[in-house]
Amino acid sequence: MPGGIGAAPGQRPERPSLSLVLPCRNEARNLETLLPLLLARLSKLADRWEIVMVDDGSTDETAAVMHRWSARAGFRTVRLSRNFGKEAALTAGLEHSQGEVVVCMDADLQHPPRLLEDMLAHWRQGADVVYAVRANRDDEGFVKRWGTRAFYRLLNAFEGFEVPPDGGDFRLMDRAVVDALLSLPERNRFMKGLYAWVGFEAVALPYVPGERAHGRSHFNLRRLLSLSLIGLTAFTTWPLRLATVIGLLVAFASLTYGAVLVVAYLLWGNSVSGWTTIVVGVALLLGIQMVLLGIIGEYIGRIFEEVKARPLYVVRDVHGQGLKAHAR
């Protein structure tokens, strides 16, 4: 591919065709502020560009704002039939993008558009992926910071690739990277893990996220926990190995305790512990078994979702021409 993977830094075009993917849910007021900023900036960065807006089941005026902007050259709207989640919306935007370079960013104004110039500069120098990383997490509570560190330590503990702990969806990708992502068939998608799994040469770009201008985040504790489980079960099997280790340890402890009781009875004639020992032991073993069955059930649930082979999302309608408008 001209100017793509395998090309020397100097062979990459100075002004590549650029696609900007915006997954949105209830972001009408933020879009009214963000889209004019992007319009002014993109015209300076590329001759051919597009903004692909994905409406992930919004219940406010997001669809109306998108429809109005899609009448302009370079804007394209993809409306999903319902809320399928951010991972599905990102995938929908990537599948509808056409640029040599694709940038994913949120529509809540926390991802500063000014970083687009730096991202493109790194791409021209040979980077295939340029991802923004949070310089700090001072705006988050202790529990969320601790949970994030624990999650990424567990995720990166035993795999042959590393998911950057402070990286997110705000990133630039070469077209070859996008094609590699879209070739992955799984439906339980943890995009941060998929970005790392496909590899390619990546550069981190530190930034401090801005304040959310309007609305609220839809990632509550329940959604974060669900996404964490998807990430762990999609990219590592160590919980299953842990279940095996726990089973071996419990079996060893039981055999050791049984041997101690037998020796004590033969040497000193102590009676074998009765009701209390049995109840505590049975309750402990049942609890451990339920936990291990839950771990196995999570993996079986992912398999069940995958073998159904349902589409990741359903498109309600598409408006606008995107890059095709610039080609005329």
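In this text the structure is predicted, and so the values were computed from the model without any measurement.

J.: Any chance you could explain the overall build of the protein here in plain terms?
T.: Counting its regular elements, the protein contains 11 helices and 8 strands. Considering the protein as a whole, with its 328 residues, one finds that 43% of them fall into the buried category. By sequence separation, contacts in the protein at least 24 residues apart represent 83% of the contacts at least 6 residues apart. With an accessible surface of roughly 17,200 Å², the protein has 61% of that area assigned to carbon and sulfur atoms.

J.: Would you mind going over the nonpolar core with me for this structure?
T.: Nonpolar side chains in soluble globular proteins generally cluster together in the buried interior. In terms of nonpolar packing, the biggest core is built from 35 residues, with Leu22, Leu35, Leu38 and Ile51 touching the most fellow members. Looking at this core, the element that brings in the most residues is helix α1 (residues 28-45), giving 7 residues.

J.: Can you walk me through the pairing of strand β1 (residues 18-24) in this structure?
T.: The two faces of a sheet get side chains in turn, since along a regular strand they alternate between them. For β1, the tally of buried residues reaches 7 of 7 residues, placing the bulk of the element in the interior. With burial as the criterion, each face of β1 is covered, one bearing Leu18, Leu20, Leu22 and Cys24 and the other bearing Ser19, Val21 and Pro23. Sheet analysis places β1 next to strand β2 (residues 49-55), joined by 7 bridges and oriented parallel. The partner of Val21 across the bridge, within β2, is Val52. For the crossover that starts at β1, traverses α1 and ends in the parallel β2, the hand is right-handed. Where β1 lies against strand β4 (residues 101-104), 4 bridges are found, and the strand directions are parallel.

J.: How should I be thinking about the packing of α1 against helix α2 (residues 62-69) in this particular structure?
T.: Two quantities define a packed helix pair, namely the angle between the axes and the distance from one axis to the other. Running from amino to carboxyl end, α1 crosses α2 at an angle of 25 degrees, the nearest separation of the two axes being 9 Å. If you check the angle between α1 and α2, you find them roughly parallel. In this structure, α1 crosses over α2, and the sense of that crossing is right-handed. Contact residues: Ala28, Leu31, Glu32, Leu35, Pro36 and Leu39 in α1; Thr62, Val65, Met66, Arg68 and Trp69 in α2. Broken down by class, the residue content of the contact of α1 with α2 amounts to 8 nonpolar, 1 polar and 2 charged.

J.: Sorry if this is basic, but what is going on with the environment of Arg175 here?
T.: Mapping Arg175 onto the fold places it in helix α6 (residues 175-182). Exposure remark for Arg175: the relative accessible area of 10% places this residue in the buried category.

J.: Quick question: what am I supposed to make of a nonpolar patch on the surface here?
T.: A grouping of Met290, Leu293, Ile296 and Ile300 is seen on the molecular surface, where their side chains present a nonpolar patch of about 410 Å² in accessible area. Residue position: Met290 is located in helix α10 (residues 275-308).

J.: I tried to follow helix α7 (residues 191-198) on my own but got confused; where do I start?
T.: Since the α-helix advances by 3.6 residues per turn, residues separated by three or four positions end up pointing in the same direction. Counting buried positions over the 8 residues of α7 gives 7, a clear majority of the element. Looking one or two residues past α7, Gly199 carries a phi angle of roughly 80 degrees, positive in sign.

J.: Would you mind going over unusual backbone geometry with me for this structure?
T.: If a residue is not glycine, its phi is most likely negative; likewise, a peptide bond is most likely trans. Unusually for a residue other than glycine, Leu109 sits at a positive phi of about 75 degrees. Along the chain, Leu109 turns up in the loop between β4 and α4 (115-124).

J.: Before we go on, may I ask you to explain the sheet that holds β2 in this structure?
T.: Note on sheets: strands pair through backbone hydrogen bonds, and any given pair is parallel or antiparallel. With respect to topology, 8 strands assemble into an open sheet ordered β7-β5-β6-β4-β1-β2-β3-β8, the strand pairing being mixed. Both outer strands of the open sheet, β7 (202-207) and β8 (315-320), are each paired with one neighbouring strand and no more. Strand-to-strand twist in this sheet, taken as the mean axis angle between neighbours without regard to direction, amounts to 20 degrees. With 4 bridges connecting them, strand β5 (residues 129-134) and strand β6 (residues 167-174) associate as antiparallel partners. Bridge pairing links Tyr131 to Arg171 in β6.

J.: What's the story with the pattern of salt bridges in this structure? I'm lost.
T.: When the charged atoms of two side chains lie near each other, side chains of opposite charge can form a pair. For the structure on display, the rule yields 9 salt bridges. One salt bridge in this structure joins Arg41 and Glu117, with 2.6 Å as the shortest N-O distance. Remark: Glu117 occurs in helix α4 and Arg41 occurs in helix α1; sequence separation between them is 76 residues. Exposure remark for Arg41: the relative accessible area of 26% places this residue in the partly exposed category. Across the pair Lys86 and Asp106 runs a salt bridge, and its minimum N-O distance is 2.8 Å.

J.: Is there a simple way to explain the packing of aromatic side chains in this structure?
T.: In this description, a pair of aromatic rings is defined by centroid distance and the angle of the planes. Taken as a whole and assessed by the stated rule, the structure comprises 3 aromatic pairs. Ring centres 5.1 Å apart and planes at 50 degrees place the aromatic pair Trp69 and Phe75 in the tilted group. Grouping residues by exposure puts Trp69 and Phe75 together as buried. Here the aromatic rings of Phe170 and Tyr207 are separated by 6.0 Å at their centres, their planes lie at 80 degrees, and the arrangement is edge-to-face. Taken as a pair, Phe170 in strand β6 and Tyr207 in strand β7 lie far apart in primary sequence, 37 residues in all.

J.: So what exactly am I meant to see when it comes to the pairing of β6 here?
T.: With 8 of 8 residues buried, β6 is to be regarded as a mostly interior element. Two elements, β4 and β6, share 4 bridges in a ladder whose sense is antiparallel. In the sheet register, Cys104 faces β6, and the bridge partner there is Arg171.

Conventions and cut-offs
Per chain, residues are indexed from 1 in the order of the written sequence. In keeping with the model being predicted, local features are shown solely for residues with a pLDDT of at least 70 and side-chain atom pairs are shown and tallied solely at 80 or more, while totals for entire chains, interfaces and linings include all residues. Heavy atoms from the whole structure form the basis of all side-chain values; hydrogens and water molecules are not counted. Helical segments are the DSSP runs of H or I of at least four residues, strand segments are the runs of E of at least two, and each set is numbered from the N terminus. Each residue is assigned to one of three classes by its accessible area relative to the maximum for its type, calculated with a 1.4 Å probe on protein chains only: buried under 20%, partly exposed between the two thresholds, exposed over 50%. Only heavy atoms matter for contacts: two residues are in contact if any of them lie within 4.5 Å across the pair. Here, Shrake-Rupley sampling with a 1.4 Å probe gives the accessible areas, and only protein chains in the shown set may cover a residue. Within this scheme, the nonpolar core is defined by two criteria: the residues are buried Ala, Val, Leu, Ile, Met, Phe, Trp, Tyr or Cys, and they are joined through side-chain atoms within 4.5 Å. Strand pairing is defined by DSSP finding a minimum of two bridges between the two strands. Crossovers are marked right-handed if the path from the first strand over the helix to the second runs clockwise, as seen with the strands pointing away from the viewer. Axis definition: a line fitted to C-alpha atoms, limited for helices to the stretch in contact. Angles are taken between N-to-C directions and run from 0 to 180 degrees. Should an angle fall under 35 degrees it is taken as roughly parallel, and over 145 as roughly antiparallel, whereas 65 to 115 is taken as roughly perpendicular and any remaining angle as oblique. Crossing handedness follows the turn of the near helix against the far one: under a right angle anticlockwise gives a left-handed crossing, and clockwise gives a right-handed one. Think of it as three bins: nonpolar holds Ala, Val, Leu, Ile, Met, Phe, Trp, Tyr, Cys and Pro, charged holds Asp, Glu, Lys and Arg, and polar takes everything else, Gly as well. Residues with no salt bridge and a relative accessible area higher than 30% make up the patches, which join like charges within 9 Å and nonpolar side chains (Val, Leu, Ile, Met, Phe, Trp, Tyr) within 5 Å. Any carboxyl oxygen of Asp or Glu within 4 Å of a side-chain nitrogen of Lys or Arg constitutes a salt bridge here. Only rings of Phe, Tyr and Trp enter the pairing, Trp through its six-membered ring, and a pair is recorded when the two centres are within 6.5 Å. The plane angle decides the type: under 30 degrees is stacked, over 60 is edge-to-face, the rest tilted.

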